[in-house]
Amino acid sequence: MSKPFLEVDGLSKVYPDGQGGDLTVFEDIRFALQKGEFVCIIGHSGCGKSTILNVLAGLDEASSGNVVMNGKEVKGPGLERGVVFQNYSLLPWKTALNNIIFAVKARWPKWSKDKVREHSERYLKMVGLDHALNRKPSQLSGGMRQRVSIARAFATQPELLLLDEPFGALDALTRGVIQDELVKIWEETRQTVFMITHDVDEAILLSDRIFLMSNGPNARIAESVQVNLPHPRSRATIFQNPAHHKIRDYLVDFLVNRSGSAQPEQDGTPKVIDPSAGDAAPKPAPAKPDTETETAARAVNA
Amino acid sequence: MASLNVRAALLSISFLILALGLWEMSTQPPAATQATSEYELLMGISGQESRVPPPSAVIKVAWAELSNPFYDAGANDKGIGIQLAYSVYRVLTGYLAAMAIALPLGFLIGMSPLMYKALNPYIQVLRPISPLAWMPLALFIIQDSDASAIFVIFICSIWPMLLNTAFGVANVRSDWVNVARTHELNPFKTAITVILPAAAPTILTGMRISIGIAWLVIVAAEMLVGGTGIGYYVWNEWNNLDLSSVIFSILMIGVVGMLLDLALGKAQKLVEYKE
Ligand SMILES: Nc1ncnc2c1ncn2[C@@H]1O[C@H](COP(=O)(O)OP(=O)(O)OP(=O)(O)O)[C@@H](O)[C@H]1O
Ligand SMILES: [Mg+2]
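Parameters and conventions
- Residues numbered from 1 in each chain as written.
- Chains lettered and ligands numbered in written order.
- Predicted model: local features only at pLDDT ≥ 70, side-chain atom pairs only at ≥ 80, totals over all residues.
- Heavy atoms only, no water.
- Helix = DSSP H or I, 4+ residues; strand = E, 2+ residues; numbered from the N terminus.
- Rg over C-alpha atoms; globule rule 2.2 N^0.38 Å.
- Buried < 20%, exposed > 50% of the residue type's maximum accessible area, 1.4 Å probe, protein only.
- Near = heavy atom within 4 Å.
- Polar contact = N/O pair within 3.5 Å; in protein donor to acceptor, adjacent residues only side chain to side chain.
- Areas by Shrake-Rupley, 256 points an atom, 1.4 Å probe, with all protein chains shown as cover.
- Nonpolar A, V, L, I, M, F, W, Y, C, P; charged D, E, K, R; others polar.
- Expected span 1.5 Å × (residues − 1).
- Contact = heavy atoms within 4.5 Å.
- Buried area = accessible area lost by both parts, 1.4 Å probe.
- Salt bridge = Lys/Arg side-chain N within 4 Å of Asp/Glu carboxyl O.
- pLDDT = per-residue confidence, 0-100.
- Core = buried A, V, L, I, M, F, W, Y, C linked by side-chain atoms within 4.5 Å.

A. Examining the overall build of chain A more closely. Of regular secondary structure, chain A possesses eight helices and 11 strands. The C-alpha radius of gyration of chain A comes to 19 Å, within 12% of the 19 Å expected for a compact globule of 302 residues. In terms of overall dimensions, chain A has a C-alpha envelope of 60 × 45 × 45 Å along the principal axes. The burial tally for chain A puts 54% of its 302 residues in the buried class.

B. Fine view of the site of ligand 1. Residues and elements named next belong to chain A. Taken together, Tyr15, Val25, Ser45, Gly46, Cys47, Gly48, Lys49, Ser50, Thr51, Glu165 and His198 make up all the residues around ligand 1. Contact distances for ligand 1 include 3.4 Å between an oxygen atom and a backbone N or O atom of Cys47. One of the backbone nitrogen or oxygen atoms of Gly48 is found 2.9 Å away from an oxygen atom of ligand 1. Burial of ligand 1 by the protein amounts to 59% of the accessible area it has alone, namely 640 Å². In terms of residue count, helix H1 (residues 49–57) provides more of the shell around ligand 1 than any other element does, three residues in total. When its residues are assigned to classes, the shell around ligand 1 shows three nonpolar, six polar and two charged.

C. Molecular detail of helix H5 (residues 172–189) of chain A. In a regular helix each residue adds 1.5 Å, so 18 residues correspond to 26 Å; H5(A) covers 25 Å between its end C-alpha atoms and thus fits that length. Between the side-chain oxygen of the N-cap and the backbone nitrogen of A:Leu173 there are 3.2 Å, and the N-cap of H5(A) in question is A:Asp171.

D. Structural view of the environment of A:Gln266. For A:Gln266, the position within the fold is in the loop between helix H7 (242–258) and strand S11 (271–273). In this structure, the C-alpha to C-alpha distance between A:Gln266 and A:Val83, residues 183 residues apart in sequence, is 32 Å.

E. Representation of the interface of chain A and chain B in the model. Contact with chain A, which involves 21 residues of that partner, is made by 17 residues of chain B. At the boundary of chain A with chain B, total buried surface from both sides reaches about 1,700 Å², with 68% on carbon and sulfur atoms. For the chain A face of the interface with chain B, the top three residues by lost area are A:Pro92, A:Trp93 and A:Phe102, together amounting to 33%. Counting across the interface, chain A meets chain B through zero salt bridges. One can count three residue pairs in polar contact (both at pLDDT 80 or more) joining chain A with chain B.

F. Spotlight on unusual backbone geometry. All names here are of chain A. Put simply, His231 and Pro232 share a cis peptide bond, and its omega is -10°. Here Ser89, not a glycine, exhibits a phi torsion of approximately 55°, which is positive. Assignment of secondary structure puts Ser89 in the loop between strand S6 (81–84) and helix H2 (96–107). For Ser89, a relative accessible area of 1% gives the class buried. In this structure, Arg190 takes a positive phi of about 50° despite not being glycine. Within the secondary structure, Arg190 sits in the loop between H5 and strand S8 (192–196). For Arg190, a relative accessible area of 41% corresponds to the partly exposed category.

G. A look at the confidence of the model for chain A. Taken as a whole, chain A shows an average pLDDT of 88; of its residues, 92% reach a score of 70 or greater. Every residue in residues 284–297 of chain A scores below 50 in pLDDT, and together they form 17 contacts with partners more than four places removed in sequence or on other chains.

H. How the structure looks around the nonpolar core. With 94 residues, the main nonpolar core has A:Leu6, A:Ile29, A:Phe31, A:Phe194, A:Met213 and B:Trp215 as its most contacted residues. Sorting elements by how many residues they give to this core places helix H10 (residues 187–225) of chain B first, with 16 residues. Residues contacting A:Ile29, with those up to four places away along its chain left out, are A:Val8, A:Asp9, A:Gly10, A:Leu11, A:Ile52, A:Met213, A:Ala219, A:Arg220 and A:Ile221. With 61 residues, the next largest nonpolar core counts A:Ala132, A:Leu170, A:Ile178 and A:Ile204 among its residues.

Here it is as structure tokens:
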């Protein structure tokens, strides 16, 4: 096997717990991403997903461990890693188009004005916003803003795209529409994506693999679930595939019953699970009611 | 029903007429029978001069002054336009100089907690000093009354701009700074393309406060240094006991101050953004 595109080795994050002691949010996080993979990470609120993503982005520093991308250690943010933030983070004084132009200019400083504009418009068109080029973010709906934000990230063609709950603030209908768009763009570009979500169905629709995180403190990435569903996928038909149910049941069971106790392999890498091939949850481990937070409830209701 | 604006305008005009009417009536010459008080006799003040002039007299002065605002008949007799122009020139010069220092320094303080901590004690001590208290020192060091007045404007308009710039820069949403970071903008580019527009509304608020204070201070400064300017003009007319001119120039100070504020208000509108 060739050297993976991205390697995360033994990350941990320690915060002061406010009472003079230390709080280890997560520890010994190990995983690797191959080029062109779409990976989602799911875990209960507060287990440290955003922190991991920010470390990958270079916006935050881990207490120990390191991240190597393309053979180079990640230190600080960089254009080869694009980020879509949960709150869109568009510059409110710029129009939708100018927000993208801002990013494209930063990525290719030598391009001519026309080329930058043409490139930026193409990506806005891709997310269906060619009619709103000249509107400011305050004049756009939440869904439209997130589309601009996604277009901005894709437009710079980063080698790794990091998405932190990009649809978390959207209503179910809008979310579905944008998920479809993301599927479409990804089929076209095949970029490597690392995405946080709370939505089991979203994760199955989009990912090649889903990382499951155990609860904090001392959270781990316990399992890596294979999503063996053919591409291109569509929201309307994906659940007709029998594998879909198996994967979904596995994920929900993990979140409801096992996220408190799950552990990775001895060597610290996530256990590889393929529900479509019959891997099922190790039985007992009765559900503790207090571990059932919002995430699990939402996953079950979805 | 008439629109709110029309009704407000009508009401404003009625208030004006009412106020002018009351003023005119209360300043009528006293009846001939009324004896001059002994105090006035003693002090040698005639009844005529001790009265506030009626609005009609002020309007007459205003008409005369405004129909030829830029005449220049010697040191103590210049048109109101010339005097106002002197004051505006001093305010703008001092103000622009303050801007040239306050904006970059404010950026530095806002972006660097170290600089903030190091400079804050000085700012806190210097800021509450009445700008006019600097006047003697300025006159002594600069040896020039005009430049001293400009210096006083400089020193009084620098604080609001400096503090607002530092505050605005320090409080730019970290999300936007992160956008700059993930796009690998260098510090200078980040300052220009992200922090400046993000902090611009706060900075402009500081600039608007500053211009207001500068205009307040210039009148007092010019009363002190004399020579030219609207402040000197007011004081000079007072010494001539020409109260109609005094009242007229007070009104002009108000009008010019309002215009300066309006200009900054317009600029503020330009840089505002909705989140
Ligand atoms: N500055 C900080 N100081 C102390 N603790 C912090 C700090 N920032 C984050 N934490 C803690 O780190 C943990 C992980 O936070 P993080 O935002 O990564 O969680 P998350 O998995 O993204 O949660 P969510 O799903 O709610 O977004 C939380 O328990 C939080 O309390
Ligand atoms: Mg988070």
